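Structure at a glance
So you can see what is in the structure, the chains are spelled out below.
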Amino acid sequence: MLSLPKNFETFNDARKKSFMSLYEAKQSGKKVIGFFCSYTPLEIINAAGAISVGLCGKSEQGIPEAETRLPKTLCPLIKASYGMAISDQCPFFYFSDGILAETTCDGKKKMYELMSLIKPVHVMNLPQGRDQELALESFTLEIKRAAKFLEKLFNVVITPGKLHDAIVYRNNLRRAIVDLYEVAKIKPSPVSGYELSTVAESIDFHFTDDDLIEKVKKITREFKARVRENAQNRPRVLITGCPNAGVRDKVIKRLEELGADYVCADNCAGPRTQKFLVDENNNDPYKALAERYLKINCSVMTPNNERFNDIKSLVKEYQVDGIIEIILQGCHTFAVEAYNTMTLAQNDLHLPYLRLDTDFSQTDSGQIETRLGAFIEIMNDSAA
Ligand code: BJ8
């Protein structure tokens, strides 16, 4: 019989529900692997018969606990992820049998060393010069090494058939998710970006055996059929930069309340990443996985020029009127690369650009609100 964490009764209803859903999956014999990054090849986790669950911290919760061991100036995403883990507040970490991680930014990879004192953590070496000779070969070997870790942890064999099934399933799920995101290509979008992204995010936390792909398709049809009152003439915004889950309310929700539409994200979870599929016909499925995952345009890559080509395409496809870049405190790679985004927006795309340096606290909510209001005015003036 599995036990619940000692502080279970102190959790709010949503957290209790998450705990119970994963608890039931675990009770039925399912294994769970936690992950932190979009470079994690989820297919090998599924081929090992395990549930994959994203563990990134998305709120201030856990940060005070993390700051007893990590520097205060570290990225809030890393602090929240670690703090939730050490304080048993994260249901997904609590029930994870192991963690699959990668060497992305310095803060994350050093945090994994501390995390490995609590749970089995396997860290994959991510080649950050992905255009260089041997990068593909090296990441292919890393994925094979990670598969061996899972096989040993769960005493299973990842057969070619299971891996192929997982690749096909994930490709089909990604196609469905891209269709969901593309609802916002309709002008005006029939659904708010806040609602759409909330639904998209919840897809990663689906632990029951019913047909997830069919559910995603159903909600896409429902969204497309909606009519939104007073949605005409609202400026359409693309959000880029660091993952935005931890600042959704003070940035995305507020942006929409103030009169703009969040239609698209250029980040590692948005449509530009989901559209990368794994070649199902490649005789070497590990190489096919490495090819797909190395396409992800994160600022930890150097150079990272494809990111800017993708922003250009998204701006056109989603008819974007302005770009907001979110830089989380302590994220040096996105902070430095922001110069290129600003240059692209202002000199090439001739679009208003707003950079928000922030963290997961609410202390800057008022200041952000003022800047968002001014930004909407600029977008409206540009359109006039
Ligand atoms: S693929 S964006 S999930 S690394 S914001 S922790 S980079 S200091 S989250 Fe990321 Fe993977 Fe890239 Fe996506 Fe470090 Fe920056 Fe913090 Fe970051």
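The notes below deal with the structure included here. (Residues numbered from 1 in each chain as written. Predicted model: local features only at pLDDT ≥ 70, side-chain atom pairs only at ≥ 80, totals over all residues. Heavy atoms only, no water.)

Comments concerning the overall build of the protein chain
When helices and strands are counted, the protein chain shows 16 helices and eight strands. What you see for the protein chain is a C-alpha radius of gyration of 21 Å, in line with the 21 Å of a compact globule of 384 residues. Along the first, second and third principal axes, the C-alpha set of the protein chain runs to 65 × 50 × 40 Å. Burial analysis of the protein chain (384 residues in total) assigns 53% to the buried set. Nonlocal contacts in the protein chain, meaning residues at least 24 apart in sequence, comprise 72% of its contacts between residues at least 6 apart. Approximately 17500 Å² of the protein chain is accessible, and the part contributed by carbon and sulfur atoms is 51%. Distance between charge centroids for the protein chain: 3 Å, based on 49 positive and 51 negative side chains. (Helix = DSSP H or I, 4+ residues; strand = E, 2+ residues; numbered from the N terminus. Rg over C-alpha atoms; globule rule 2.2 N^0.38 Å. Buried < 20%, exposed > 50% of the residue type's maximum accessible area, 1.4 Å probe, protein only. Contact = heavy atoms within 4.5 Å. Areas by Shrake-Rupley, 256 points an atom, 1.4 Å probe, with all protein chains shown as cover. Lys, Arg positive; Asp, Glu negative; His and termini not counted. Charge placed at Lys NZ, Arg CZ, Asp CG, Glu CD.)

Section: the side chain of Asp364
Note on placement: Asp364 falls in the loop between strand S8 (353-358) and helix H16 (365-383). Owing to a relative accessible area of 13%, Asp364 belongs among the buried residues under this scheme. Separated by 2.7 Å, the side chains of Asp364 and Lys250 make a polar contact. Not counting chain neighbours up to four residues away, the residues in contact with Asp364 comprise Lys250, Asp357, Thr358 and Asp359. (Polar contact = N/O pair within 3.5 Å; in protein donor to acceptor, adjacent residues only side chain to side chain.)

Side note on the sheet that holds strand S4 (residues 121-124)
The parallel open sheet is built from four strands, whose spatial order is S2-S1-S3-S4. Edge strands, defined here as strands with exactly one partner in the open sheet, are strand S2 (50-54) and S4. Each neighbouring strand pair of the sheet contributes to a mean axis angle of 25 degrees, computed without reference to strand direction. Examined bridge by bridge, strand S1 (residues 31-35) and S2 share five bridges and lie parallel to one another. Looking at the pairing, Ile33 lines up with Ser52 of S2. Contacting S1, S2, strand S3 (98-102) and S4, helix H7 (residues 135-154) runs over the sheet at an angle of about 170 degrees to S4. (Pairing = 2+ DSSP bridges. Axes fitted to C-alpha atoms, helices over the stretch in contact; angles between N-to-C directions.)

Describing helix H4 (residues 76-86)
Burial within H4 is extensive, with ten of its eleven residues counted as buried. Asp88 sits one or two residues past H4 and shows a positive phi near 55 degrees.

Digging into the nonpolar core
Ile44 and Ile324 are the most contacted members of the largest nonpolar core, which has 122 residues in total. Non-local contacts of Ile44, meaning those with residues more than four positions away in its chain, are made with Leu100, Ile143, Ala146, Ala147, Leu150, Ile158, Leu163, Tyr286 and Leu289. (Core = buried A, V, L, I, M, F, W, Y, C linked by side-chain atoms within 4.5 Å.)

Remarks on the site of the ligand
As a matter of local geometry, the ligand sits amid 16 residues, with Cys37, Cys105, Cys268, Cys298 and Cys331 nearest to it. A breakdown of the residues in the shell around the ligand according to their chemical character gives 13 nonpolar, two polar and one charged. (Near = heavy atom within 4 Å. Nonpolar A, V, L, I, M, F, W, Y, C, P; charged D, E, K, R; others polar.)

Concerning unusual backbone geometry
The step from Lys187 to Pro188 runs through a cis peptide bond, and the omega angle for that step is -5 degrees. Topologically, Pro188 is positioned in the loop between helix H8 (160-181) and helix H9 (193-202). Here the residue pair Thr302 and Pro303 is connected by a cis peptide bond, since its omega of -5 degrees sits within 30 degrees of zero. Relative to the elements of secondary structure, Pro303 occurs in the loop between helix H13 (285-293) and helix H14 (306-317). Despite not being glycine, Asp88 has its phi angle at roughly 55 degrees, a positive value. Checked against the element boundaries, Asp88 lands in the loop between H4 and helix H5 (91-94).

Re the environment of Asn125
Relative to the helices and strands, Asn125 is located in the loop between S4 and H7. Separated by 24 residues in sequence, Asn125 and Ala101 have C-alpha atoms that sit 8.9 Å apart. Residue contacts for Asn125: discarding those within four places in its chain leaves Thr103, Phe139, Glu142 and Arg145.

Concerning H9
Those residues of H9 that sit buried are Gly193, Leu196, Ser197, Val199 and Ala200. Projected onto a plane normal to the axis of H9, the buried residues spread over an arc of 155 degrees and lie on a single side. Structurally, H9 contributes buried residues whose contacts are with H8, helix H10 (212-225), helix H11 (248-257) and strand S6 (261-266). (Arc of directions from axis to C-beta.)

Focus: the packing of H11 against H16
Pairs of packed helices are described in terms of their axes, by the angle between the two and the distance that separates them. The geometry of H11 relative to H16 is characterised by a closest axis approach of 10 Å and an angle of 40 degrees between their N-to-C directions. One element, H11, and the other, H16, form an angle in the oblique class. Judged by the twist between their axes, the crossing of H11 over H16 is right-handed. Residues Lys250, Val251, Arg254 and Leu255 of H11 form the contact with H16, whose participating residues are Ser365, Ile368, Glu369, Leu372 and Ile376. Here the contact of H11 with H16 is composed, by residue class, of five nonpolar, one polar and three charged. (Parallel < 35°, antiparallel > 145°, perpendicular 65-115°, else oblique. Left-handed = near helix turned anticlockwise from the far one by under 90°.)

These results come straight from atomic positions and should not be treated as a statement about function.
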